[in-house]
Structure formats: structure tokens, C-alpha cells
Amino acid sequence: MIKEKSTLYDLRRSKRMTQKELAEKAGLTERTIITYEMDIKKLRKAKYEVVEILAETLGVSIDQIFLSDNSEKPKRKEVG
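The rules behind these values
- Residues numbered from 1 in each chain as written.
- Predicted model: local features only at pLDDT ≥ 70, side-chain atom pairs only at ≥ 80, totals over all residues.
- Heavy atoms only, no water.
- Helix = DSSP H or I, 4+ residues; strand = E, 2+ residues; numbered from the N terminus.
- Buried < 20%, exposed > 50% of the residue type's maximum accessible area, 1.4 Å probe, protein only.
- Contact = heavy atoms within 4.5 Å.
- Salt bridge = Lys/Arg side-chain N within 4 Å of Asp/Glu carboxyl O.

Trainee: So what about the overall build of the protein? Which residues, and what values?
Mentor: Broken down by element type, the protein carries six helices and zero strands. Seen in sequence order, the protein has helices and strands lined up from the N terminus as α-α-α-α-α-α. Split into buried and exposed, the 80 residues of the protein put 30% on the buried side. Of the contacts formed within the protein by residues at least 6 apart in sequence, a portion of 53% connects residues at least 24 apart.

Trainee: Lay out the pattern of salt bridges with the relevant residues and their values.
Mentor: Following the criterion strictly, the structure yields one salt bridge and no others. The salt bridge partner of Arg12 is Glu37, with a shortest N-O separation of 2.5 Å. With a gap of 25 residues between them, Arg12 in helix α1 (residues 8–14) and Glu37 in helix α3 (residues 30–38) connect regions that are remote in the sequence.

Trainee: Any details on the environment of Ala23? Residues and values, ideally.
Mentor: The topology assignment puts Ala23 in helix α2 (residues 19–26). Sequence spacing of Ala23 and Ile34 is eleven residues, and the spatial spacing of their C-alpha atoms is 9.4 Å. Contacts of Ala23, omitting those with residues within four sequence positions, involve Leu28, Thr29, Glu30 and Ile33.

Fair warning: the whole summary comes from geometry, so function is off the table for now.
Next comes the structure, spelled out in C-alpha cells:
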């Protein structure tokens, strides 16, 4: 079974950082970074503060960590 990939891997690679470097700069363990890159569900369950630190460390918005280039924001339902 192939797990759904997060964009965290792509973002980290685009900054030319290793998992260890990202972990050290974000104050997390390398195992945490590996887990979040391998399992988007675990990343989505992470504390907001952790995701915020990752985004800040990578110089991206929190949305960029969760949304891929072809993701669409949900359309609002009209109330009426």
C-alpha cells in the first residue's frame, strides 16, 4: 500500500535541505520529519504550532504544506 505523499518533501527538497537539517532548524526530531513526509495523515494531525514552525523554517505558508499545485479550495455552498 502506497501512502499519500505530502508536499513537505518537495518543499524541503526545493530548499536543498536534508531531513536532519530541517529537523534541527525547526527544533524537531529527524524521525518526526520522516514520519510527516511519509504519512500526510500524521502531518494533518500535528499541532498547529508544529506546522507553523515547519512553514516558517521552510519560508512558505501553512497552506503550501497541505495543498499541492493542482488542489482546489472547496467551493462555498450558497445559503438560501
